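Below are the chains, spelled out letter by letter.
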Amino acid sequence: MAEQMYAYKCTRCGRLHHPAYLVCRQCGNRQFEAVPLEGEATLLTFTRVYNLPEGYMKPWLAFGIVEFPNGLRVTGQIDSEDINVGMKLKATVGIVKEGVNQDYYGFIFMKAK
Ligand SMILES: [Zn+2]
């Protein structure tokens, strides 16, 4: 399992995308190169979802929009009890859904230490 989150950079105009797009949102090009999304991201906004579908073992999940140092904004799940706008987060791989017999892993934002 690759534990690195990537942005997808248009080879023509340089615009960063996440997740991957088939066509560049700025220039229509179809060629991209993967660029590691590194560094601490800043939480811009978030919400908690309490009415989860059947099968979730938590009372709520938090989702937010973060901004990486390169300016790219990414949405994702946040794993923290204490969430505040402006906090620093890092992209990691974690359990995005706990199952009865199987946990599901995905990218998740955790508090930067
Ligand atoms: Zn482009």
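Reference entry: report on the structure contained in this document.

**Notes on the overall build of the chain**
Looking only at helices and strands, one finds zero helices and eight strands in the chain. Each helix and strand of the chain, ordered N terminal to C terminal, gives the series β-β-β-β-β-β-β-β. When its C-alpha atoms are laid out on the principal axes, the chain stretches across 45 × 30 × 25 Å. Put simply, the chain has 113 residues, and 29% of those count as buried. Counted over contacts in the chain with a minimum sequence separation of 6, partners at least 24 positions apart contribute 42%. A total of about 7300 Å² of accessible surface is found on the chain, and carbon and sulfur atoms cover 48% of it. A distance of 10 Å separates the average location of the 13 positive side-chain charges in the chain from that of its 11 negative side-chain charges.

**As for the sheet that holds strand β4 (residues 41-49)**
Whether parallel or antiparallel, the strands of a sheet pair through hydrogen bonds between backbone atoms. The mixed closed barrel is built from five strands, whose spatial order is β4-β5-β6-β8-β7. With strand direction ignored, the average angle separating the axes of adjacent strands in the sheet is 40 degrees.

**Focus: the side chain of Gln77**
In this fold, Gln77 is placed in strand β6 (residues 73-79). Discounting chain neighbours no more than four positions away, the residues touching Gln77 are Leu61, Ala62, Phe63, Ile95, Val96, Ile108 and Phe109.

**Some points on the packing of aromatic side chains**
Applying the stated criterion across every chain yields a total of one aromatic pair. Relative to Phe109, the ring of Phe68 has its centre 6.2 Å away and its plane inclined at 55 degrees; by these criteria the two rings are tilted. Of this pair, Phe68 sits in the loop between β5 (61-67) and β6 while Phe109 sits in strand β8 (residues 104-111); the two residues are 41 residues apart in sequence, bridging distant segments of the chain. A relative accessible area of 3% means that Phe68 is categorised as buried. The side chain of Arg48 reaches across the aromatic face of Trp60, ending 4.4 Å from its centre.

**Brief notes about the pattern of salt bridges**
As enumerated under the stated definition, the model contains two salt bridges in all. Note that Arg73 and Glu67 form a salt bridge whose closest N and O atoms lie 2.8 Å from each other. Assessed through its relative accessible area of 51%, Arg73 is described here as exposed. In this structure Glu67 comes out as partly exposed when scored by relative accessible area, which is 27%. Where Lys111 meets Asp82, a salt bridge forms, and the shortest distance between an N and an O atom there is 3.7 Å.

**A few points about the coordination of the zinc ion**
Distances from the zinc ion to its protein donors, Cys10 (SG), Cys13 (SG), Cys24 (SG) and Cys27 (SG), fall within 2.3 Å. One chain supplies every donor for the zinc ion, spaced along it as C-x2-C-x10-C-x2-C. Pair noted here: Cys13 is in the loop between β1 (6-10) and β2 (16-17) and Cys24 is in the loop between β2 and β3 (32-36), with a separation of 11 residues, a long-range link. A relative accessible area of 31% places Cys13 in the partly exposed class.

Definitions and cut-offs
Residues numbered from 1 in each chain as written. Predicted model: local features only at pLDDT ≥ 70, side-chain atom pairs only at ≥ 80, totals over all residues. Heavy atoms only, no water. Helix = DSSP H or I, 4+ residues; strand = E, 2+ residues; numbered from the N terminus. Buried < 20%, exposed > 50% of the residue type's maximum accessible area, 1.4 Å probe, protein only. Contact = heavy atoms within 4.5 Å. Areas by Shrake-Rupley, 256 points an atom, 1.4 Å probe, with all protein chains shown as cover. Lys, Arg positive; Asp, Glu negative; His and termini not counted. Charge placed at Lys NZ, Arg CZ, Asp CG, Glu CD. Pairing = 2+ DSSP bridges. Axes fitted to C-alpha atoms, helices over the stretch in contact; angles between N-to-C directions. Phe/Tyr/Trp six-rings, centres within 6.5 Å; stacked < 30°, edge-to-face > 60°. Lys NZ or Arg CZ within 6 Å of the ring centre and 35° of its normal. Salt bridge = Lys/Arg side-chain N within 4 Å of Asp/Glu carboxyl O. Donors = N, O, S within 2.8 Å, 3.2 Å for Na, K, Ca; no water.

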